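Residue strings, one per chain:
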Amino acid sequence: MGTNNFDCVVIGAGHAGIEAAHAAARIGAKTALITIDKNKIGAMSCNPAIGGLAKGQIVREVDALGGLMGLATDATGIQFRMLNRSKGPAVQSPRAQADKYRYQQFMISALEQTPNLTIIEQMAVEIVVENGRVVGVRCKDGWVCDTKTVIVATGTFLRGLMHIGQESFEGGRRGEPASDDLSVCLERLGLVVKRLKTGTPPRLDARTIDYDKLEAQHGDKEPAPFSFMNDRIDRPQIPCWITYTNEKIHKIIRDNLDRAPLYTGQIKSTGPRYCPSIETKIIRFADRERHQVFLEPEELEQKVIYCNGISTSLPKDVQDEIIRNLPGCENAGIVHYGYAIEYDYCPPVQLKNNLETKKIAGLFLAGQINGTSGYEEAAGQGIIAGINAVRFLQGAEPIVLGRDQAYIGVMIDDLLTKGLGIEGVGIPDEPYRMFTSRAEYRLSLRSDNADRRLTAVGKSAGLVDNSRWERFQKKLNDIELLREYLAKNKRDGVSLWEQLRRPNSPLAPVLAELPEIKDAGFSSEVIGAAVIDAKYEGYLVKQERLAAGLQAWDKKQIPADLDYNAITHLRPEAKEKLTLFRPQTLGQAGRISGITPADVTVIQIHLKKYYQEIR
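This structure is a prediction, so every number in the text was calculated from the model and none was measured.

Visitor: Lay out the overall build of the protein chain with the relevant residues and their values.
Guide: From N to C terminus, the protein chain includes 19 helices and 22 strands. Here the protein chain has a C-alpha radius of gyration of 25 Å; the compact-globule value for 615 residues is 25 Å, and the two agree. Here the protein chain holds 615 residues, and 56% of them are scored as buried. Put simply, of all contacts in the protein chain between residues at least 6 apart along the chain, 74% involve residues at least 24 apart. By element, 49% of the accessible surface of the protein chain is carried by carbon and sulfur atoms, the whole surface being about 25,600 Å². Here the protein chain holds 79 positive side-chain charges and 77 negative ones, and the gap between their average locations is 4 Å.

This is how it looks when you write it as structure tokens:
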């Protein structure tokens, strides 16, 4: 096995684990990545797609910080689309269908070439803790490694239980074992462990589908890369296809609800509200005559088709009937049946804002173990956990992204202040998914400017290399030169910059074609950035003022051991929630559901007295 002494150990090699291990090792920590099967690193057990609404912004943020997901997607994508292209830049999001096997190969290769990183094929069963601090990890065969930090990124593997009809069997995902011992260990360490559920649809043999009955959905003619290190996408693109359920399929599902694990009590945990199973859709939207189904290739060779929109845990014979009645799929063969999976997670109010647990020093959690859904949300947490694990080792202040700084910051703050699955405080027990509507600063948290928001942060963490930094500096310089030119030059007595600020400016779509702009050699990325900056300038000034006011509260620290029950005039409900959530700042306290501005004012007054007394 070789060395058994590491600075950081990452457990799990899904999308969170990949980014965590890569970040920690690249920054300089001697890192081990423990995974059950090295060949399954980066496996896409659900839809092999990256990005989407708000999720695409997260991928760009991970890339700007120096992560891998954007680079991997650009290298392995088979269809690229910019969602909401007809709407404003603030809600436009890149999305790509990826070749799931090439994506895995890219990630395996990238990690193998990362200095300071060792990949270990084992099943971790115990996190060894002494005096409230992480000191090691023990694996199933008895091998133990010493470490100062551990990042748990186990996805759906913790006590994973899969369901197809009345059949239930243990597993972390199809064909892979569950991890039970690690759940027991987390509980023994004093962490609250609860259950969530997710699921997948059936996969079809692509050769057995009648594409003449389907509506083709093509990618963009000029696909936009995810990574700021790439200028263009030169890969071949292939179409996806659209079909619809019908009343006959709906009747089949209704007639078999007595065999559906979701409705028989066999599945006891809650699944994602915004990505429901087809049986849930039929019940929840009983008036809908049909539901859209996207048939999406899982690889460039188009051997297997993912049926996006009919996630299910219904019995196999019912799934057969559903597919036989789906237009274009009447003769389609099912390669893999859909299934639901229940798994353990740790409600994230048990974390600090650096993703370290409050109970155990040096123990970090990232990804689905924190109750999130989606590859992108996992990657965003993974890279922050990796960075902060190293900063913990260095004794440095953690890197905490603000809500005005990144969607990753919004997500982590939501997890810490909104909670997930906490009994007695009216918070739903369901997986967290990122949406643009969750971000109050979405005008500035765009996918196009993630590098301008976060590359400097990645540089300060030690994760952004010189080539990325030099490229970024050139872009900033070009944007500034173009902005100066637009401000100085006028037409009809009005500067070009002011013309771009006007709603529906006729100059914006033709700016790149102006001879003087063409001759200067500005890239389309730089021109697009200048146009958006001009368009949003007035709105962003107002947003920055609002952010500045809220940041003042986020800088006011609350002692970890503050006794809320001793604070006079604080409402009982506020005492209960604040004791449970243990916010680290006044800003966090104010964002907890049910905490009023008056409650925060009471805490603020109490803290003034508190700090005077301890001086």
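Moving on from the coordinates now.
Visitor: Break down the sheet that holds strand 17 (residues 304-308) for me, with residues and values.
Guide: Reading across from one edge, 14-15-16-17-13-18 is the order of the 6 strands in this open sheet, with antiparallel pairing throughout. At either end of the open sheet lies a strand with only one pairing partner, and these are strand 14 (215-217) and strand 18 (334-336). Recorded for the sheet is a direction-independent mean angle of 35° between the axes of neighbouring strands. Where strand 15 (residues 240-244) meets strand 16 (residues 292-297), 4 bridges bridge the pair, whose relative direction is antiparallel. Within strand 16, the residue paired with Trp241 across the bridge is Leu295.

Visitor: For the nonpolar core, give the residues involved together with the corresponding values.
Guide: Ranked by internal contacts, the top residues of the largest apolar core, which has 99 residues, are Ile127 and Ile408. Per-element tally for this core: the top contributor is helix 10 (residues 375-394), with 9 residues. When sequence neighbours within four positions are dropped, the list of residues in contact with Ile408 reads Ile58, Glu61, Val62, Leu65, Gly380, Ile384 and Leu401. Ile278, Ile282, Leu295 and Ile305 belong to the second largest nonpolar core, which has 25 residues in total.

Visitor: Summarise the pattern of salt bridges; cite the residues concerned and give the values.
Guide: All chains considered together, the criterion is met by 47 salt bridges. With a shortest N-O distance of 3.1 Å, Arg203 and Glu298 are connected by a salt bridge. Linking Arg203 in strand 13 (residues 203-205) with Glu298 in the loop between strand 16 and strand 17, this pair joins segments that are 95 residues apart in sequence. We note that Arg203, like Glu298, is buried. Ionic pairing is found between Lys352 and Glu356, a salt bridge with its closest N-O pair at 3.5 Å. Accessibility expressed as a relative area gives 4% for Glu356, which makes it buried. Look at the salt bridges and you will find they share partners, linking Arg403, Asp413, Asp414, Lys418, Glu440, Asp554 and Arg591 into a network.

Visitor: Any details on the state of the cysteines? Residues and values, ideally.
Guide: Two cysteines form a disulfide when their sulfur atoms are joined by a covalent bond. Tallied over the entire structure, the rule returns 0 disulfides. Free cysteine Cys346: the closest other cysteine sulfur is in Cys185, separated by 10 Å. Residue Cys346 is classed as buried on the basis of its relative accessible area, which comes to 1%.

Visitor: Let's hear about the domain arrangement of the protein chain: which residues, and what values?
Guide: Per the domain assignment, the segments of the protein chain are domain 1 (203-341), domain 2 (465-544) and domain 3 (551-614). Computed over C-alpha atoms, the centres of domain 1 and domain 3 are 47 Å apart.

Visitor: Now, about helix 2 (residues 55-65): what can you tell me, with residues and values included?
Guide: The element helix 2 is extensively covered by neighbouring structure, given that 11 of its 11 residues are classed as buried. For helix 2, the full list of buried residues reads Lys55, Gly56, Gln57, Ile58, Val59, Arg60, Glu61, Val62, Asp63, Ala64 and Leu65. Positive backbone phi, approximately 110°, marks Gly66, located one or two places after helix 2.

Visitor: A description of the pairing of strand 2 (residues 31-35) should follow, citing residues and the corresponding values.
Guide: The buried count for strand 2 comes to 5 of 5 residues, which makes it a mostly enclosed element. Each parallel crossover has a hand, and for strand 1 (residues 5-11) linked through helix 1 (residues 15-27) to strand 2 it is right-handed.

Visitor: Lay out the environment of Leu191 in plain terms, naming residues and giving numbers.
Guide: Within the secondary structure, Leu191 sits in the loop between helix 5 (181-188) and strand 12 (194-200). Given the relative accessible area of 5%, Leu191 is considered buried. Remark: the alpha-carbon pair of Leu191 and Ser313, spanning 122 residues in sequence, is separated by 30 Å.

Visitor: With reference to specific residues and values, describe helix 17 (residues 572-581).
Guide: Restricting attention to buried positions, one finds in helix 17 the residues Ala574, Lys575, Lys577, Leu578 and Phe581. Count one or two residues on from helix 17 and you reach Arg582, which has phi positive near 50°.

Visitor: Could you give an account of the sheet that holds strand 3 (residues 49-51), naming the residues involved and the relevant values?
Guide: Spatially, 3-5-4 is the arrangement adopted by the 3 strands of the open sheet, whose pairing is antiparallel. Each having just a single partner strand, strand 3 and strand 4 (77-83) make up the two edges of the open sheet. Direction aside, the axes of adjacent strands within the sheet are offset by 15° on average. The sheet contact formed by strand 4 and strand 5 (residues 93-98) spans 6 bridges and is antiparallel. Among the inter-strand pairings, Arg81 is bridged to a residue of strand 5, identified as Arg95.

Definitions and limits used
Residues numbered from 1 in each chain as written. Predicted model: local features only at pLDDT ≥ 70, side-chain atom pairs only at ≥ 80, totals over all residues. Heavy atoms only, no water. Helix = DSSP H or I, 4+ residues; strand = E, 2+ residues; numbered from the N terminus. Rg over C-alpha atoms; globule rule 2.2 N^0.38 Å. Buried < 20%, exposed > 50% of the residue type's maximum accessible area, 1.4 Å probe, protein only. Contact = heavy atoms within 4.5 Å. Areas by Shrake-Rupley, 256 points an atom, 1.4 Å probe, with all protein chains shown as cover. Lys, Arg positive; Asp, Glu negative; His and termini not counted. Charge placed at Lys NZ, Arg CZ, Asp CG, Glu CD. Pairing = 2+ DSSP bridges. Axes fitted to C-alpha atoms, helices over the stretch in contact; angles between N-to-C directions. Core = buried A, V, L, I, M, F, W, Y, C linked by side-chain atoms within 4.5 Å. Salt bridge = Lys/Arg side-chain N within 4 Å of Asp/Glu carboxyl O. Disulfide = S-S within 2.5 Å. Domains from an automatic or database assignment. Right-handed = clockwise from strand over helix to strand, strands pointing away.

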